[in-house]
Amino acid sequence: MTRAATRAVTRAVTRAVIVGIGQPAAGDDGVGLLVARAVAARGHETRESADASILLALLEDERRVVVVDAVVGGGVPGSVLRLDTGALASGPAPLSSHGLGVAEALELARTLYGAQVAGDVRIVGVAIDPPTGGMLGLSPAVAAAVEPAAVLAVALAGAE
Amino acid sequence: MTTRTIKVDILARVEGEGALTLVLDGERVIDARLELFEPPRLFEAMMRGRACTEAPDITARICGICPVAYEMSACHAVEDALGVQVGGELRELRRLLYCGEWIESHVLHMVMLHAPDFLGFPDAMTLAKHQPERVRGSLRIKKAGNALVATLGGREIHPVNVKVGGFYRVPRRAELAALLPDLRAALAEAEETLGWLATFEFPAFERDYELVSLRHPTEYPMNEGRLVSTKGLDIDIHEFGAHLQEHQVPHSTALQARIVGRGSYQSGPLARFVQNADRLSPRASAAAVRVGLEPTCRNPYRMLLARGVETIYALDEAIRIIEAYAPPAEPAVPLVMRAGTGQAVTEAPRGILYHRYVLDDAGIVQDAQIAPPTSQNQRGIEEDLLAMGPMLASMSLEQATRRAEHAVRNYDPCISCSTHFLTLRFEQQGSP
């Protein structure tokens, strides 16, 4: 069996892992982490991470991945969006190891592991206003989006 | 006066936070300001009135990249206040957890963030196109570190298994032994990676730094030791506040630290290596010799190599700990609450992290102080940039911006609130 065929079989039988990305000390930016926790409570396999390098490890292992992250420019705070990987803009090159973003990680995955691997990633975005500094907890509008975002993430994780 | 200003947005996605401003007058940099947002102040206030046993969990949220460092400093400081000693295998497990964080953090920084600067690539994506095997290799090393943190900490981010006095649950021998094949492969890969990093061209730049790190009687320092410097500082951690003090500066919410009577200082991989090279394992020591890194080094760009040597050390040390591991009878030392003040310094990947807690007799936190490594390194970073004035002034704005970013990256600054939200790209439909 070719590598590509093995990969296709592996993916067909493995449910996607749901990855929440966020920084809990930056207010609404942490929404992805809370969605991952809500999904984990339902028995789904999840990961939480402050940076997107975790996606590279999962994609190298040929896992199907659903990413949940906050989105700026995605409309009214609290809106839940299903995004295409092509819709993401890369940020500036980060100054420290604290900076690898989802768009950058997916672009890296495309280079390292092939376009097919990165193309399979599904993304759930929760619209937020740009964070202005340190704050713990979510605003009410974004907190209300945790549950619908969890439902969408689970639906995408189970879909072929 | 003809001046020009170079402004670099570090965290362009966080309004008003994280920027570097350089003002040049001819060949002189007349002002260098690194603006960082620093959430620890928020957490100091939050800790007041909370049980001291909550300190590791709460402060771990300060930073998603180095939660283990915050947990370790919090645990040691609270244990200091309560008069608790954590030794034997529990102490070794803490060291093992710290090895995991050093590996993850160092590798991500060296290869994905800093190597592109040295090679003239704009980012890791370009590096991956030119040298995919190097990037894949670094990700395998990082994965070995991730596995350590996930196995010991319960999950890769904000490990939930750490508590004051030890752990909630200690791993079985077989759980740790299962990590050995990947750790051994990562060690060989890290040696190769260091050899590659050593081929880079390092800008000729040195300063007369005061380098500060822990120094332990027998170990390369992670969790404990005296605080020593290259200019004669040699103090017990309980004297920290008398010698190292923080000051507010107008351009940053971060406090900047100075050594009383002298000035700025630097901590981190180079400071640790310079003062503890004789405590490295034979394998890490041999790696340092191979790449010509010596304790006399004062070139901040070569901190990249110190990070590489420490990665090898952390992998080697993790293997040693796992091979000798026998699970302790109890996962944690029992605690008895009492009033007191506790302090601790541990070595986060990017430098010394100080915690201090004042407890009442029920163990409730009355006061908390957290001095993260980046605020301690911040003034020294600005001084590096001031000293680079003539070099920067001779460059185009674009070149100078890149060189200044490169210099800041030497220190892998902990930008705690570094947010990673997605930004959407909008394209005009139907435009000509």
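On a predicted model such as this, the values are computed, not experimentally measured, just so you know.

## With respect to the overall build of chain A
What chain A contains, in helices and strands, is seven helices and six strands. Among the 160 residues that make up chain A, the fraction classed as buried is 59%. In chain A, of all internal contacts separated by at least 6 residues, the share reaching a separation of at least 24 is 78%.

## A short note on the overall build of chain B
When helices and strands are counted, chain B shows 15 helices and 14 strands. Sequence separation of at least 24 residues holds for 72% of the intrachain contacts in chain B that already meet a minimum separation of 6.

## Some points on the sheet that holds strand β8 (residues 234-235) of chain B
Residues and elements named next belong to chain B. What the three strands build is an open sheet, ordered β6-β7-β8; its pairing is antiparallel. Looking along the sheet, the strands with just one partner apiece sit at the ends: β6 (212-215) and β8. For β6 and strand β7 (residues 226-229), the ladder comprises four bridges, and the chain directions are antiparallel. Across the sheet, residue L214 finds its bridge partner in β7, namely L227. The sheet strands contacting helix α10 (residues 269-276) are β6 and β7, and the helix crosses β6 at an angle near 50°.

## Comments concerning α10(B)
Residues and elements named next belong to chain B. Of all the eight residues making up α10, eight are buried; the element is thus mostly covered by neighbouring parts of the structure. Regarding α10, the residues found buried are P269, L270, A271, R272, F273, V274, Q275 and N276. Taken together, the buried residues of α10 touch β6, β7, α12 (303-324) and β11 (340-348).

## Describing the confidence of the model for chain A
Residue and element names in this part refer to chain A. Per-residue confidence for chain A gives a mean pLDDT of 81; residues scoring 70 or more make up 81%. At the low end of the mean pLDDT range in chain A sits helix α1 (residues 3-13), at 49; at the high end sits helix α6 (residues 140-143), at 96. The low-confidence segment residues 8-13 (pLDDT under 50) makes four contacts with residues lying over four places distant or belonging to another chain.

## Focus: the sheet that holds strand β12 (residues 351-359) of chain B
Residues and elements named next belong to chain B. Pairing is antiparallel across the open sheet formed by three strands, whose spatial order is β11-β12-β13. Each end of this open sheet is capped by a strand with a single partner; those strands are β11 and β13 (365-371). Adjacent strand axes in the sheet meet at a mean angle of 10° when their direction is disregarded. Here six bridges tie β12 to β13, and the two strands are oriented antiparallel to one another. By the bridge assignment for β13, V358 is matched with D367. This element, helix α13 (residues 373-387), spans β11, β12 and β13 of the sheet and lies at about 130° to β12.

## Some points on the pairing of strand β1 (residues 17-21) of chain A
Residue and element names in this part refer to chain A. Among the five residues that make up β1, five are buried, leaving the element largely enclosed by the rest of the structure. Side chains V17, V19 and I21 of β1 all project onto a buried face; the interleaved residues I18 and G20 project onto the opposite face, where all are buried too. For β1 and strand β3 (residues 65-72), the ladder comprises four bridges, and the chain directions are parallel. When the bridges of β3 are listed, V17 appears paired with V65. This β-α-β element, β1 to helix α2 (residues 31-40) to strand β2 (residues 46-49), shows right-handed connectivity.

## Quick word on the confidence of the model for chain B
Residue and element names in this part refer to chain B. On average, chain B scores 88 in pLDDT, and the residues at 70 or more come to 88%. Here residues 10-17 is modelled with pLDDT under 50, and outside its nearest four sequence neighbours on either side it reaches 26 contacts, counting other chains as well. Taken together, the stretch residues 426-432 has pLDDT below 50 and engages in zero contacts with residues farther than four places along the chain or on a different chain. If you check the scores for this complex, the pTM reads 0.88 and the ipTM reads 0.77.

## Topic: the nonpolar core
Counting residues in each nonpolar core, the largest one holds 161 residues, and the members touching the most others are A:V19, A:V35, A:L55, A:A149, A:A153 and B:V309. Per-element tally for this core: the top contributor is helix α4 (residues 88-119) of chain B, with 14 residues. Excluding residues within four positions of it along the chain, B:V309 makes contact with B:L194, B:F273, B:A284, B:A287, B:A288 and B:L293.

## So, helix α3 (residues 53-60) of chain A
Residues and elements named next belong to chain A. Within α3, six of the eight residues are buried, which leaves it mostly tucked inside the rest of the structure. Burial in α3 covers these residues: S53, I54, L55, L56, L58 and L59. Immediately downstream of α3, the backbone of E62 shows phi near 65°, a positive value.

## Examining the environment of A:S53
Locating A:S53 in the fold gives a position in helix α3. Aside from chain neighbours lying at most four places away, what touches A:S53 is A:L100, A:A105, B:L108 and B:K142.

## Details of the environment of B:R290
All names here are of chain B. Structurally, the position occupied by R290 is in helix α11 (residues 282-290). A count of 13 C-beta atoms within 10 Å places R290 in the partly exposed class. For the pair R290 and A198, spaced 92 residues apart in sequence, the C-alpha to C-alpha distance is 9.2 Å.

## Some words on the packing of α4(B) against helix α6 (residues 132-153) of chain B
Residues and elements named next belong to chain B. Where α4 contacts α6, the two axes come as close as 8 Å, and the packing angle between them is 155°. The angle between the axes of α4 and α6 places the two elements in the roughly antiparallel class. For the pair α4 and α6, the crossing hand works out as left-handed. Here α4 contributes L93, L96, L97, C99, G100, E101, I103, E104, V107, L108, V111 and M112 to the contact with α6, which in turn contributes R134, V135, S138, I141, K142, A144, G145, N146, L148, V149, L152 and G153. Its residues assigned to classes, the contact of α4 with α6 comprises 15 nonpolar, five polar and four charged.

## So, unusual backbone geometry
At A:E62, a position not held by glycine, the phi torsion is positive, near 65°. Here A:E62 shows up in the loop between α3 and β3. With 16 C-beta atoms counted inside 10 Å, the residue A:E62 sits in the partly exposed group. With a phi close to 45°, B:D412 is a non-glycine residue in the positive phi region. Along the chain, B:D412 turns up in the loop between α15 (397-409) and β14 (422-424).

About the cut-offs
Residues numbered from 1 in each chain as written. Chains lettered and ligands numbered in written order. Predicted model: local features only at pLDDT ≥ 70, side-chain atom pairs only at ≥ 80, totals over all residues. Helix = DSSP H or I, 4+ residues; strand = E, 2+ residues; numbered from the N terminus. Buried ≥ 20, exposed ≤ 12 C-beta atoms within 10 Å, placed from the backbone. Contact = placed C-beta atoms within 7 Å. Pairing = 2+ DSSP bridges. Axes fitted to C-alpha atoms, helices over the stretch in contact; angles between N-to-C directions. pLDDT = per-residue confidence, 0-100. Right-handed = clockwise from strand over helix to strand, strands pointing away. Core = buried A, V, L, I, M, F, W, Y, C linked by C-beta atoms within 7 Å. Parallel < 35°, antiparallel > 145°, perpendicular 65-115°, else oblique. Left-handed = near helix turned anticlockwise from the far one by under 90°. Nonpolar A, V, L, I, M, F, W, Y, C, P; charged D, E, K, R; others polar.

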